[in-house]
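Spelled out, the chains give:
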Amino acid sequence: MLRIFTLSIVIWCFVGILFAQEYNDTSNQISVFGSVELKEVADRATLVFSIQGFGSTLRQAVENSNDKSHSVAEKLLALGLGQKNIATSQFYSGENYGDKPLFSSSKDFKAMISTMVTVDSMALLDSILYLISENEVEDLSNLTFSLKDELSVRKKARISAILKAKEKAEDLVTALGLTLGKPLLIEEIEPTVTSNQTNDYSTMFLRGGRLGNPFNPITISADATYDESKGIGFFAQTISITSQVRVVFEIK
(Lines give C-alpha, C1' and ligand atoms only; values in the text may rest on other atoms or scores of the structure.)
Protein backbone atom coordinates (compact mmCIF):
# COMPACT_ATOMS: atom_id res chain seq x y z
CA MET A 1 0.00 0.00 0.00
CA LEU A 2 2.88 2.31 0.89
CA ARG A 3 4.55 1.59 -2.44
CA ILE A 4 1.37 2.49 -4.33
CA PHE A 5 1.01 5.73 -2.38
CA THR A 6 4.65 6.63 -3.01
CA LEU A 7 4.29 5.84 -6.73
CA SER A 8 1.21 8.10 -6.94
CA ILE A 9 3.13 10.99 -5.40
CA VAL A 10 5.96 10.51 -7.89
CA ILE A 11 3.52 10.49 -10.82
CA TRP A 12 1.78 13.65 -9.62
CA CYS A 13 5.11 15.38 -9.17
CA PHE A 14 6.15 14.38 -12.67
CA VAL A 15 2.89 15.70 -14.14
CA GLY A 16 3.34 18.94 -12.24
CA ILE A 17 6.83 19.36 -13.66
CA LEU A 18 5.50 18.81 -17.20
CA PHE A 19 2.80 21.46 -16.71
CA ALA A 20 5.37 23.86 -15.31
CA GLN A 21 7.66 23.27 -18.26
CA GLU A 22 4.80 23.80 -20.71
CA TYR A 23 3.91 27.06 -18.99
CA ASN A 24 7.51 28.22 -19.09
CA ASP A 25 7.82 27.28 -22.76
CA THR A 26 4.82 29.39 -23.78
CA SER A 27 5.14 32.28 -21.38
CA ASN A 28 7.62 34.05 -23.64
CA GLN A 29 5.68 33.54 -26.86
CA ILE A 30 2.99 35.37 -28.78
CA SER A 31 0.60 33.78 -31.28
CA VAL A 32 -1.00 35.94 -33.98
CA PHE A 33 -3.09 35.45 -37.11
CA GLY A 34 -2.55 37.16 -40.42
CA SER A 35 -5.36 37.34 -42.97
CA VAL A 36 -5.39 39.02 -46.38
CA GLU A 37 -7.70 39.28 -49.37
CA LEU A 38 -6.15 40.36 -52.64
CA LYS A 39 -8.28 41.44 -55.58
CA GLU A 40 -7.02 41.22 -59.12
CA VAL A 41 -8.82 42.12 -62.34
CA ALA A 42 -9.35 39.02 -64.45
CA ASP A 43 -7.23 38.86 -67.59
CA ARG A 44 -8.71 35.69 -69.13
CA ALA A 45 -12.25 34.61 -70.05
CA THR A 46 -13.71 31.35 -71.31
CA LEU A 47 -17.08 30.73 -72.91
CA VAL A 48 -18.95 28.03 -74.79
CA PHE A 49 -21.26 28.40 -77.77
CA SER A 50 -23.39 25.68 -79.35
CA ILE A 51 -24.54 25.33 -82.94
CA GLN A 52 -27.18 22.95 -84.30
CA GLY A 53 -27.18 21.36 -87.71
CA PHE A 54 -29.97 19.47 -89.48
CA GLY A 55 -30.25 17.02 -92.34
CA SER A 56 -32.25 14.21 -93.85
CA THR A 57 -29.49 11.83 -92.70
CA LEU A 58 -27.31 11.80 -89.64
CA ARG A 59 -24.23 12.48 -91.75
CA GLN A 60 -25.82 15.56 -93.31
CA ALA A 61 -26.79 16.87 -89.88
CA VAL A 62 -23.25 16.47 -88.59
CA GLU A 63 -21.76 18.10 -91.68
CA ASN A 64 -24.20 21.00 -91.44
CA SER A 65 -23.37 21.63 -87.78
CA ASN A 66 -19.65 21.28 -88.44
CA ASP A 67 -19.75 23.74 -91.36
CA LYS A 68 -21.55 26.35 -89.24
CA SER A 69 -19.11 25.90 -86.34
CA HIS A 70 -16.13 26.12 -88.68
CA SER A 71 -17.51 29.34 -90.17
CA VAL A 72 -17.76 30.98 -86.73
CA ALA A 73 -14.29 29.73 -85.79
CA GLU A 74 -12.80 31.30 -88.93
CA LYS A 75 -14.37 34.65 -88.01
CA LEU A 76 -12.99 34.40 -84.48
CA LEU A 77 -9.52 33.72 -85.85
CA ALA A 78 -9.86 36.79 -88.04
CA LEU A 79 -10.56 38.85 -84.90
CA GLY A 80 -7.20 37.84 -83.45
CA LEU A 81 -7.82 34.62 -81.52
CA GLY A 82 -5.26 31.85 -81.85
CA GLN A 83 -6.08 28.36 -83.07
CA LYS A 84 -5.26 26.96 -79.60
CA ASN A 85 -7.96 29.20 -78.11
CA ILE A 86 -10.77 27.39 -79.94
CA ALA A 87 -11.66 23.77 -79.22
CA THR A 88 -14.66 21.45 -79.48
CA SER A 89 -15.97 20.71 -75.99
CA GLN A 90 -19.10 18.59 -76.64
CA PHE A 91 -20.79 16.79 -79.51
CA TYR A 92 -24.26 15.30 -79.86
CA SER A 93 -26.13 13.79 -82.79
CA GLY A 94 -29.30 11.82 -83.25
CA GLU A 95 -32.84 11.80 -84.57
CA ASN A 96 -34.68 15.10 -84.37
CA TYR A 97 -37.86 14.80 -82.32
CA GLY A 98 -38.49 18.52 -82.21
CA ASP A 99 -39.34 21.12 -84.83
CA LYS A 100 -38.96 19.11 -88.00
CA PRO A 101 -41.31 19.95 -90.91
CA LEU A 102 -44.29 17.70 -91.48
CA PHE A 103 -43.84 17.07 -95.21
CA SER A 104 -40.04 17.22 -95.50
CA SER A 105 -37.16 15.06 -94.34
CA SER A 106 -34.68 17.97 -94.30
CA LYS A 107 -34.64 18.02 -90.47
CA ASP A 108 -35.13 14.36 -89.61
CA PHE A 109 -31.75 14.34 -87.86
CA LYS A 110 -29.85 16.94 -85.86
CA ALA A 111 -26.36 17.42 -84.49
CA MET A 112 -25.09 19.81 -81.85
CA ILE A 113 -21.47 20.94 -81.59
CA SER A 114 -20.33 22.96 -78.57
CA THR A 115 -17.14 24.97 -78.93
CA MET A 116 -15.06 26.34 -76.07
CA VAL A 117 -13.35 29.70 -76.61
CA THR A 118 -10.53 31.03 -74.42
CA VAL A 119 -10.00 34.79 -74.58
CA ASP A 120 -6.56 35.91 -73.40
CA SER A 121 -7.08 39.53 -74.43
CA MET A 122 -9.97 41.11 -72.56
CA ALA A 123 -10.10 43.91 -75.13
CA LEU A 124 -11.47 41.35 -77.61
CA LEU A 125 -14.23 39.99 -75.37
CA ASP A 126 -16.98 42.42 -76.41
CA SER A 127 -16.27 41.90 -80.11
CA ILE A 128 -16.21 38.12 -79.71
CA LEU A 129 -19.55 38.03 -77.92
CA TYR A 130 -21.17 40.26 -80.54
CA LEU A 131 -19.71 38.19 -83.38
CA ILE A 132 -21.02 34.93 -81.92
CA SER A 133 -24.48 36.42 -81.33
CA GLU A 134 -24.72 37.51 -84.97
CA ASN A 135 -24.29 33.95 -86.28
CA GLU A 136 -26.52 30.87 -86.23
CA VAL A 137 -25.73 30.05 -82.63
CA GLU A 138 -28.17 28.16 -80.43
CA ASP A 139 -26.80 29.39 -77.11
CA LEU A 140 -23.83 31.05 -75.47
CA SER A 141 -23.00 29.83 -71.96
CA ASN A 142 -20.46 29.19 -69.21
CA LEU A 143 -18.85 32.62 -69.38
CA THR A 144 -16.21 32.60 -66.65
CA PHE A 145 -13.26 34.81 -65.73
CA SER A 146 -9.85 33.84 -64.37
CA LEU A 147 -6.20 34.87 -64.04
CA LYS A 148 -3.46 33.75 -66.41
CA ASP A 149 -0.82 33.66 -63.66
CA GLU A 150 -2.91 32.55 -60.72
CA LEU A 151 -0.02 30.79 -58.93
CA SER A 152 2.02 33.98 -58.53
CA VAL A 153 -0.98 35.81 -57.08
CA ARG A 154 -1.63 32.98 -54.61
CA LYS A 155 2.04 33.14 -53.57
CA LYS A 156 1.73 36.89 -53.10
CA ALA A 157 -1.32 36.37 -50.88
CA ARG A 158 0.50 33.88 -48.61
CA ILE A 159 3.50 36.19 -48.22
CA SER A 160 1.21 39.14 -47.48
CA ALA A 161 -0.59 37.12 -44.79
CA ILE A 162 2.71 36.28 -43.07
CA LEU A 163 3.84 39.91 -43.18
CA LYS A 164 0.47 40.97 -41.78
CA ALA A 165 0.92 38.54 -38.87
CA LYS A 166 4.40 39.90 -38.19
CA GLU A 167 3.12 43.49 -38.25
CA LYS A 168 0.38 42.63 -35.78
CA ALA A 169 2.82 40.87 -33.44
CA GLU A 170 5.23 43.82 -33.54
CA ASP A 171 2.43 46.23 -32.65
CA LEU A 172 1.36 44.16 -29.64
CA VAL A 173 4.85 43.48 -28.33
CA THR A 174 6.03 47.08 -28.79
CA ALA A 175 3.00 48.36 -26.90
CA LEU A 176 4.14 46.24 -23.93
CA GLY A 177 7.70 47.50 -24.10
CA LEU A 178 9.09 44.15 -25.25
CA THR A 179 11.05 42.97 -28.28
CA LEU A 180 9.80 40.56 -30.92
CA GLY A 181 12.05 37.57 -31.50
CA LYS A 182 12.29 34.91 -34.17
CA PRO A 183 9.28 32.96 -35.46
CA LEU A 184 8.86 29.59 -33.74
CA LEU A 185 5.89 28.25 -35.73
CA ILE A 186 4.25 29.11 -39.04
CA GLU A 187 0.92 27.46 -39.81
CA GLU A 188 -1.44 27.91 -42.76
CA ILE A 189 -4.90 28.01 -41.18
CA GLU A 190 -6.89 27.96 -44.42
CA PRO A 191 -5.50 26.97 -47.83
CA THR A 192 -5.03 29.94 -50.13
CA VAL A 193 -8.29 30.24 -52.08
CA THR A 194 -9.00 31.88 -55.42
CA SER A 195 -12.64 32.71 -56.01
CA ASN A 196 -14.59 34.30 -58.82
CA GLN A 197 -16.75 36.88 -57.09
CA THR A 198 -19.70 36.21 -59.38
CA ASN A 199 -19.99 33.12 -61.45
CA ASP A 200 -23.73 32.75 -61.92
CA TYR A 201 -24.14 33.87 -65.51
CA SER A 202 -27.19 32.31 -67.07
CA THR A 203 -27.12 30.83 -70.53
CA MET A 204 -27.92 33.24 -73.36
CA PHE A 205 -30.22 31.56 -75.86
CA LEU A 206 -29.45 33.42 -79.09
CA ARG A 207 -31.17 31.14 -81.63
CA GLY A 208 -29.79 32.41 -84.89
CA GLY A 209 -28.48 35.72 -83.58
CA ARG A 210 -31.88 37.42 -83.40
CA LEU A 211 -30.83 39.22 -80.22
CA GLY A 212 -29.02 42.39 -81.19
CA ASN A 213 -27.27 42.86 -77.86
CA PRO A 214 -25.81 39.70 -76.28
CA PHE A 215 -25.37 41.35 -72.88
CA ASN A 216 -29.01 42.07 -71.98
CA PRO A 217 -30.01 38.42 -71.30
CA ILE A 218 -27.25 38.02 -68.73
CA THR A 219 -28.19 37.75 -65.07
CA ILE A 220 -25.56 39.25 -62.75
CA SER A 221 -25.48 38.95 -58.97
CA ALA A 222 -25.72 42.15 -56.96
CA ASP A 223 -22.33 41.81 -55.26
CA ALA A 224 -20.30 41.67 -58.48
CA THR A 225 -17.16 43.79 -58.70
CA TYR A 226 -15.99 45.12 -62.05
CA ASP A 227 -13.16 47.09 -63.52
CA GLU A 228 -15.19 50.05 -64.77
CA SER A 229 -12.14 51.65 -66.34
CA LYS A 230 -12.68 49.25 -69.25
CA GLY A 231 -15.62 51.37 -70.38
CA ILE A 232 -19.13 50.27 -71.32
CA GLY A 233 -19.45 46.60 -72.15
CA PHE A 234 -18.62 43.32 -70.52
CA PHE A 235 -16.32 44.41 -67.69
CA ALA A 236 -13.61 42.04 -66.51
CA GLN A 237 -14.51 40.54 -63.17
CA THR A 238 -12.49 40.94 -60.01
CA ILE A 239 -10.89 37.73 -58.76
CA SER A 240 -10.52 37.42 -54.99
CA ILE A 241 -7.56 35.55 -53.43
CA THR A 242 -7.62 34.94 -49.67
CA SER A 243 -4.99 33.52 -47.33
CA GLN A 244 -4.77 33.09 -43.53
CA VAL A 245 -1.78 32.03 -41.44
CA ARG A 246 -0.90 31.68 -37.77
CA VAL A 247 2.60 32.57 -36.59
CA VAL A 248 4.09 32.03 -33.13
CA PHE A 249 6.93 34.44 -32.28
CA GLU A 250 9.43 34.43 -29.47
CA ILE A 251 9.28 37.39 -27.07
CA LYS A 252 12.57 38.75 -25.77
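What counts and what doesn't
Residues numbered from 1 in each chain as written. Predicted model: local features only at pLDDT ≥ 70, side-chain atom pairs only at ≥ 80, totals over all residues. Heavy atoms only, no water. Salt bridge = Lys/Arg side-chain N within 4 Å of Asp/Glu carboxyl O. Helix = DSSP H or I, 4+ residues; strand = E, 2+ residues; numbered from the N terminus. Buried < 20%, exposed > 50% of the residue type's maximum accessible area, 1.4 Å probe, protein only. Expected span 1.5 Å × (residues − 1). Arc of directions from axis to C-beta. Contact = heavy atoms within 4.5 Å. Phe/Tyr/Trp six-rings, centres within 6.5 Å; stacked < 30°, edge-to-face > 60°. Lys NZ or Arg CZ within 6 Å of the ring centre and 35° of its normal. pLDDT = per-residue confidence, 0-100. Pairing = 2+ DSSP bridges. Polar contact = N/O pair within 3.5 Å; in protein donor to acceptor, adjacent residues only side chain to side chain.

> Can you tell me about the pattern of salt bridges, naming the residues and giving the values?
Counted by the stated rule, this structure contains 8 salt bridges. For Arg-44, the salt bridge goes to Asp-120, with nearest N and O atoms at 2.8 Å. With Arg-44 in strand 2 (residues 44-55) and Asp-120 in the loop between strand 4 (109-119) and helix 3 (125-133), this residue pair connects regions lying 76 residues apart in the sequence. What makes Arg-44 partly exposed here is its relative accessible area of 26%. The exposure class assigned to Asp-120 is partly exposed, which follows from its relative accessible area of 23%.

> Could you give me a rundown of helix 2 (residues 58-79), with the residues and numbers involved?
The first and last C-alpha atoms of helix 2 sit 32 Å apart over 22 residues, in line with the 32 Å expected at 1.5 Å per residue. Within the sequence span of helix 2, burial applies to Ala-61, Ser-65, Lys-68, Ser-69, Val-72, Ala-73 and Leu-76. With its buried residues spanning 135° around the axis, helix 2 presents them on a single face. Turned more than 90 degrees away from the buried face of helix 2 sit Arg-59, Asp-67 and Ala-78, all of them exposed. Buried residues belonging to helix 2 abut strand 2, strand 3 (86-95), strand 4 and helix 3.

> Can you explain the packing of aromatic side chains? Please cite residues and give values.
Under the defined criterion, the tally for this structure stands at 0 aromatic pairs. Above the ring of Phe-54, the side-chain terminus of Lys-107 is found at 4.8 Å from the ring centroid.

> Could you give an account of the confidence of the model for the protein chain, with specific residues and numbers?
On average, residues of the protein chain score 78 in pLDDT, and 73% of them reach the 70 mark or higher. Between residues 208-233, whose pLDDT stays under 50, and residues either more than four places distant or in other chains, the model counts 52 contacts.

> So what's going on with the pairing of strand 2? Residues and values would help.
With respect to burial, strand 2 is a largely interior element, 11 of its 12 residues being buried. As defined by bridge partners, strand 2 adjoins strand 5 (residues 139-146) across 6 bridges and the pair is classed as antiparallel. Note that in strand 5 the partner of Ala-45 across the bridge is Phe-145.

> Run through the pairing of strand 8 (residues 238-251), naming residues and quoting values.
With 10 of its 14 residues buried, strand 8 lies for the most part within the structure. Pairing geometry for strand 1 (residues 29-41) and strand 8, over 13 bridges, is antiparallel. What sits directly across from Ser-35, in strand 8, is Gln-244.

> Hey, could you go over the environment of Ile-51 for me, with residue numbers and the actual values?
Note on placement: Ile-51 falls in strand 2. Classification of Ile-51 as buried rests on a relative accessible area of 0%. As for Ile-51 and Asn-135, which are separated by 84 residues in sequence, their C-alpha atoms are 9.3 Å apart. Once you skip the residues sitting within four places of it in the chain, Ile-51 turns out to touch Ser-65, Lys-68, Ser-69, Val-72, Ala-111, Met-112, Ile-113, Glu-136, Val-137 and Glu-138.

> Which residues make up helix 3, and what values do they have?
Turning to helix 3, its buried residues number three or more, namely Leu-125, Ile-128, Leu-129, Leu-131, Ile-132 and Ser-133. Packed against the buried residues of helix 3 are strand 2, helix 2, strand 4 and strand 5.

> Please set out the environment of Thr-144 residue by residue, giving values where relevant.
Within the secondary structure, Thr-144 sits in strand 5. Separated by 93 residues in sequence, Thr-144 and Gln-237 have C-alpha atoms that sit 8.8 Å apart. A polar atom in the side chain of Thr-144 sits 2.6 Å from the side chain of Thr-46.

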